[in-house]
Amino acid sequence: MSRLRVWIVPLCAAVVSVLLPAPAGAREAAPRIPVVFVHGYNADPGVWGGLREDLRADGYGDGELFFFGYDTHRSVNEVLSGELAAYVADVKRRTGASRVDLVAHSFGSLVSRWYVKFDAAGPSSVAHWISLAGPNHGTSTAWACALWDQACRDMTPGSYVQKRLAEGDETPGAVRYATWWSNCDEVINPDGSVPLAGAENNAAGCLDHNALLGDDGVSGGVRAFLRT
(Lines give C-alpha, C1' and ligand atoms only; values in the text may rest on other atoms or scores of the structure.)
Protein backbone atom coordinates (compact mmCIF):
# COMPACT_ATOMS: atom_id res chain seq x y z
CA MET A 1 0.00 0.00 0.00
CA SER A 2 2.81 2.40 0.87
CA ARG A 3 4.41 1.79 -2.52
CA LEU A 4 1.10 2.60 -4.21
CA ARG A 5 0.96 5.94 -2.45
CA VAL A 6 4.51 6.75 -3.51
CA TRP A 7 3.54 7.09 -7.16
CA ILE A 8 -0.18 7.94 -6.88
CA VAL A 9 0.31 11.15 -4.88
CA PRO A 10 2.83 12.76 -7.31
CA LEU A 11 0.68 11.67 -10.23
CA CYS A 12 -2.40 13.36 -8.79
CA ALA A 13 -0.41 16.54 -8.13
CA ALA A 14 0.82 16.59 -11.72
CA VAL A 15 -2.72 16.15 -13.07
CA VAL A 16 -4.03 18.98 -10.88
CA SER A 17 -1.23 21.31 -11.99
CA VAL A 18 -2.15 20.73 -15.63
CA LEU A 19 -5.90 21.13 -15.20
CA LEU A 20 -5.88 24.15 -12.87
CA PRO A 21 -4.53 27.53 -14.12
CA ALA A 22 -1.63 29.09 -12.27
CA PRO A 23 -2.40 31.99 -9.90
CA ALA A 24 -2.60 35.32 -11.71
CA GLY A 25 0.55 36.60 -10.04
CA ALA A 26 2.50 33.56 -11.16
CA ARG A 27 1.70 33.81 -14.87
CA GLU A 28 4.42 35.09 -17.14
CA ALA A 29 3.62 38.34 -18.95
CA ALA A 30 3.25 38.03 -22.69
CA PRO A 31 6.34 39.39 -24.45
CA ARG A 32 5.93 42.86 -25.85
CA ILE A 33 6.65 43.79 -29.44
CA PRO A 34 9.98 45.69 -29.49
CA VAL A 35 9.73 49.38 -30.34
CA VAL A 36 12.16 50.98 -32.79
CA PHE A 37 12.32 54.79 -32.69
CA VAL A 38 13.35 56.73 -35.82
CA HIS A 39 14.28 60.37 -35.18
CA GLY A 40 13.89 63.26 -37.60
CA TYR A 41 16.06 65.61 -39.62
CA ASN A 42 19.10 67.16 -37.89
CA ALA A 43 18.26 65.20 -34.73
CA ASP A 44 19.52 62.13 -32.87
CA PRO A 45 18.06 59.35 -30.69
CA GLY A 46 18.19 61.62 -27.64
CA VAL A 47 14.94 63.28 -28.71
CA TRP A 48 13.03 60.21 -27.53
CA GLY A 49 13.83 60.61 -23.83
CA GLY A 50 10.32 61.54 -22.71
CA LEU A 51 8.47 58.84 -24.62
CA ARG A 52 11.09 56.29 -23.61
CA GLU A 53 10.49 57.03 -19.94
CA ASP A 54 6.71 56.86 -20.40
CA LEU A 55 7.02 53.43 -22.02
CA ARG A 56 9.34 52.24 -19.27
CA ALA A 57 6.73 53.37 -16.75
CA ASP A 58 4.24 51.22 -18.67
CA GLY A 59 6.48 48.19 -18.12
CA TYR A 60 8.74 48.14 -21.18
CA GLY A 61 12.28 47.06 -20.45
CA ASP A 62 15.41 48.56 -21.98
CA GLY A 63 15.75 45.38 -24.03
CA GLU A 64 12.44 46.19 -25.74
CA LEU A 65 13.24 49.79 -26.73
CA PHE A 66 15.63 50.51 -29.61
CA PHE A 67 16.82 53.77 -31.16
CA PHE A 68 17.90 53.96 -34.80
CA GLY A 69 20.53 56.64 -35.34
CA TYR A 70 21.49 57.72 -38.84
CA ASP A 71 22.89 60.49 -41.05
CA THR A 72 19.84 62.61 -41.78
CA HIS A 73 21.35 64.20 -44.87
CA ARG A 74 21.30 61.04 -46.97
CA SER A 75 18.75 59.69 -49.47
CA VAL A 76 15.58 58.04 -48.16
CA ASN A 77 15.29 55.41 -50.87
CA GLU A 78 18.93 54.81 -51.82
CA VAL A 79 20.55 54.69 -48.40
CA LEU A 80 18.50 55.22 -45.26
CA SER A 81 15.63 52.77 -45.72
CA GLY A 82 18.19 50.01 -46.32
CA GLU A 83 20.05 50.93 -43.15
CA LEU A 84 16.77 50.82 -41.23
CA ALA A 85 15.96 47.41 -42.74
CA ALA A 86 19.28 46.05 -41.48
CA TYR A 87 18.67 47.58 -38.04
CA VAL A 88 15.18 46.06 -37.77
CA ALA A 89 16.54 42.67 -38.83
CA ASP A 90 19.16 42.92 -36.07
CA VAL A 91 16.53 43.86 -33.46
CA LYS A 92 14.44 40.86 -34.48
CA ARG A 93 17.49 38.60 -34.22
CA ARG A 94 18.50 39.94 -30.81
CA THR A 95 15.01 39.77 -29.30
CA GLY A 96 13.60 36.74 -31.09
CA ALA A 97 10.58 38.84 -32.10
CA SER A 98 8.94 38.32 -35.47
CA ARG A 99 7.84 41.97 -35.72
CA VAL A 100 8.66 45.40 -34.36
CA ASP A 101 6.72 48.61 -33.80
CA LEU A 102 8.09 51.71 -35.57
CA VAL A 103 7.67 55.17 -34.03
CA ALA A 104 9.00 58.00 -36.22
CA HIS A 105 9.24 61.76 -35.95
CA SER A 106 9.32 64.17 -38.89
CA PHE A 107 11.77 63.06 -41.64
CA GLY A 108 12.00 59.64 -39.97
CA SER A 109 8.45 59.05 -41.17
CA LEU A 110 9.64 58.96 -44.78
CA VAL A 111 12.56 56.63 -44.01
CA SER A 112 10.35 54.19 -42.15
CA ARG A 113 7.46 54.39 -44.65
CA TRP A 114 9.77 53.56 -47.54
CA TYR A 115 11.07 50.54 -45.61
CA VAL A 116 7.55 49.29 -44.82
CA LYS A 117 6.25 49.85 -48.34
CA PHE A 118 9.13 48.76 -50.54
CA ASP A 119 11.40 46.42 -48.58
CA ALA A 120 10.51 42.77 -49.15
CA ALA A 121 10.47 42.08 -45.41
CA GLY A 122 8.88 45.40 -44.42
CA PRO A 123 5.16 44.60 -44.25
CA SER A 124 5.67 41.32 -42.38
CA SER A 125 8.23 42.81 -39.98
CA VAL A 126 6.15 45.72 -38.65
CA ALA A 127 3.08 45.53 -36.41
CA HIS A 128 2.46 49.25 -35.75
CA TRP A 129 3.79 52.28 -37.62
CA ILE A 130 3.45 55.71 -36.00
CA SER A 131 4.31 59.10 -37.49
CA LEU A 132 4.62 62.22 -35.34
CA ALA A 133 4.62 65.38 -37.48
CA GLY A 134 5.79 63.53 -40.57
CA PRO A 135 6.07 65.30 -43.96
CA ASN A 136 4.14 62.42 -45.45
CA HIS A 137 3.01 64.44 -48.46
CA GLY A 138 5.91 66.86 -48.45
CA THR A 139 6.52 70.21 -46.80
CA SER A 140 7.26 73.52 -48.52
CA THR A 141 9.76 74.48 -45.81
CA ALA A 142 12.15 71.83 -47.19
CA TRP A 143 12.78 74.03 -50.25
CA ALA A 144 14.98 76.17 -47.98
CA CYS A 145 17.70 73.49 -47.95
CA ALA A 146 16.82 71.41 -51.02
CA LEU A 147 19.55 72.96 -53.18
CA TRP A 148 22.38 71.28 -51.24
CA ASP A 149 20.74 68.55 -49.13
CA GLN A 150 19.31 65.27 -50.46
CA ALA A 151 17.05 64.67 -47.45
CA CYS A 152 15.51 68.12 -47.93
CA ARG A 153 14.88 67.32 -51.58
CA ASP A 154 13.14 64.11 -50.52
CA MET A 155 10.85 66.13 -48.24
CA THR A 156 9.77 68.64 -50.87
CA PRO A 157 6.27 68.26 -52.34
CA GLY A 158 6.34 66.32 -55.60
CA SER A 159 9.79 64.80 -55.06
CA TYR A 160 10.60 61.29 -56.32
CA VAL A 161 10.22 59.94 -52.78
CA GLN A 162 6.88 61.67 -52.29
CA LYS A 163 5.50 60.44 -55.61
CA ARG A 164 6.53 56.83 -54.99
CA LEU A 165 5.13 56.76 -51.47
CA ALA A 166 1.83 58.19 -52.73
CA GLU A 167 1.43 55.51 -55.41
CA GLY A 168 -1.33 52.97 -54.79
CA ASP A 169 -2.08 52.18 -51.16
CA GLU A 170 -0.58 54.68 -48.71
CA THR A 171 -0.89 52.21 -45.84
CA PRO A 172 -0.13 48.76 -47.31
CA GLY A 173 -0.10 45.37 -45.67
CA ALA A 174 -1.45 44.22 -42.32
CA VAL A 175 0.46 46.98 -40.49
CA ARG A 176 -1.59 49.27 -38.24
CA TYR A 177 -0.84 52.93 -39.09
CA ALA A 178 -1.33 56.09 -37.02
CA THR A 179 -0.30 59.73 -37.36
CA TRP A 180 -0.31 62.75 -35.06
CA TRP A 181 -0.34 66.27 -36.52
CA SER A 182 -0.57 69.84 -35.24
CA ASN A 183 -2.23 72.90 -36.71
CA CYS A 184 0.58 75.03 -35.24
CA ASP A 185 3.47 73.04 -36.72
CA GLU A 186 5.98 75.55 -38.09
CA VAL A 187 7.93 72.90 -40.06
CA ILE A 188 5.20 70.91 -41.80
CA ASN A 189 3.40 73.04 -44.37
CA PRO A 190 0.60 72.42 -45.08
CA ASP A 191 -0.62 70.78 -41.86
CA GLY A 192 -2.61 68.30 -43.95
CA SER A 193 0.63 66.72 -45.17
CA VAL A 194 0.78 64.42 -42.16
CA PRO A 195 -2.43 62.29 -42.30
CA LEU A 196 -2.51 59.19 -44.49
CA ALA A 197 -5.43 57.40 -46.10
CA GLY A 198 -6.08 54.23 -44.13
CA ALA A 199 -4.30 55.42 -40.98
CA GLU A 200 -5.69 56.47 -37.61
CA ASN A 201 -5.03 60.22 -37.91
CA ASN A 202 -4.97 62.25 -34.70
CA ALA A 203 -5.05 66.02 -34.20
CA ALA A 204 -2.57 66.93 -31.44
CA GLY A 205 -3.80 70.50 -30.95
CA CYS A 206 -1.64 73.60 -31.19
CA LEU A 207 1.89 72.26 -30.72
CA ASP A 208 5.10 73.24 -32.45
CA HIS A 209 7.00 70.65 -34.46
CA ASN A 210 9.23 69.26 -31.72
CA ALA A 211 6.65 69.65 -28.94
CA LEU A 212 4.86 66.54 -30.20
CA LEU A 213 7.82 64.53 -28.90
CA GLY A 214 7.19 65.47 -25.28
CA ASP A 215 3.46 66.17 -25.12
CA ASP A 216 1.59 64.08 -22.54
CA GLY A 217 -1.50 63.77 -24.70
CA VAL A 218 0.47 62.55 -27.69
CA SER A 219 2.44 60.14 -25.51
CA GLY A 220 -0.77 58.70 -24.07
CA GLY A 221 -2.24 58.28 -27.53
CA VAL A 222 0.88 56.59 -28.88
CA ARG A 223 1.04 54.16 -25.97
CA ALA A 224 -2.65 53.32 -26.27
CA PHE A 225 -2.23 52.69 -30.02
CA LEU A 226 0.70 50.36 -29.40
CA ARG A 227 -1.54 48.30 -27.12
CA THR A 228 -4.12 47.69 -29.87
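Here's what I pulled together on the structure shown here. Please read these numbers as outputs of a predicted model, since none were measured by experiment.

1. Remarks on the nonpolar core
By size, the foremost hydrophobic cluster in this structure holds 35 residues, and its most contacted members are Val36, Leu84, Leu102, Phe107, Tyr115, Val116 and Trp129. The leading source of residues in this core is helix H3 (residues 76-95), at seven residues.

2. Some words on the pattern of salt bridges
Across all of its chains, the model carries eight salt bridges by this definition. Of the charged contacts, one joins Arg52 and Glu53 as a salt bridge, the two residues approaching to 3.2 Å between their closest N and O atoms. A salt bridge links Asp58 to Arg223, with the nearest nitrogen and oxygen atoms 3.1 Å apart. Here the residue Asp58 occupies a position in the loop between helix H2 (49-57) and strand E2 (65-68), and Arg223 occupies one in helix H8 (residues 216-226), the gap between them amounting to 165 residues. Judged by its relative accessible area of 30%, Asp58 is partly exposed. Each of Arg52, Glu53, Arg56 and Asp62 takes part in one network of salt bridges that share partners.

3. Concerning the side chain of Asn136
Here Asn136 is to be found in the loop between strand E4 (126-132) and helix H6 (150-155). Judged by its relative accessible area of 2%, Asn136 is buried. In contact with Asn136, not counting residues within four places along its chain, are Ser109, Leu110, Arg113, Trp129, Ser131, Gln162, Thr179, Ser193, Val194 and Leu196.

4. Quick notes on the environment of Arg223
On the accessibility criterion, Arg223 (18% relative accessible area) is buried. Taking C-alpha positions, Arg223 is 8.9 Å from Leu51, a pair spaced 172 residues apart along the chain. Dropping the residues within four chain positions of it, Arg223 is found in contact with Asp54, Leu55 and Asp58.

Cut-offs used in this document
Residues numbered from 1 in each chain as written. Predicted model: local features only at pLDDT ≥ 70, side-chain atom pairs only at ≥ 80, totals over all residues. Heavy atoms only, no water. Core = buried A, V, L, I, M, F, W, Y, C linked by side-chain atoms within 4.5 Å. Buried < 20%, exposed > 50% of the residue type's maximum accessible area, 1.4 Å probe, protein only. Helix = DSSP H or I, 4+ residues; strand = E, 2+ residues; numbered from the N terminus. Salt bridge = Lys/Arg side-chain N within 4 Å of Asp/Glu carboxyl O. Contact = heavy atoms within 4.5 Å.

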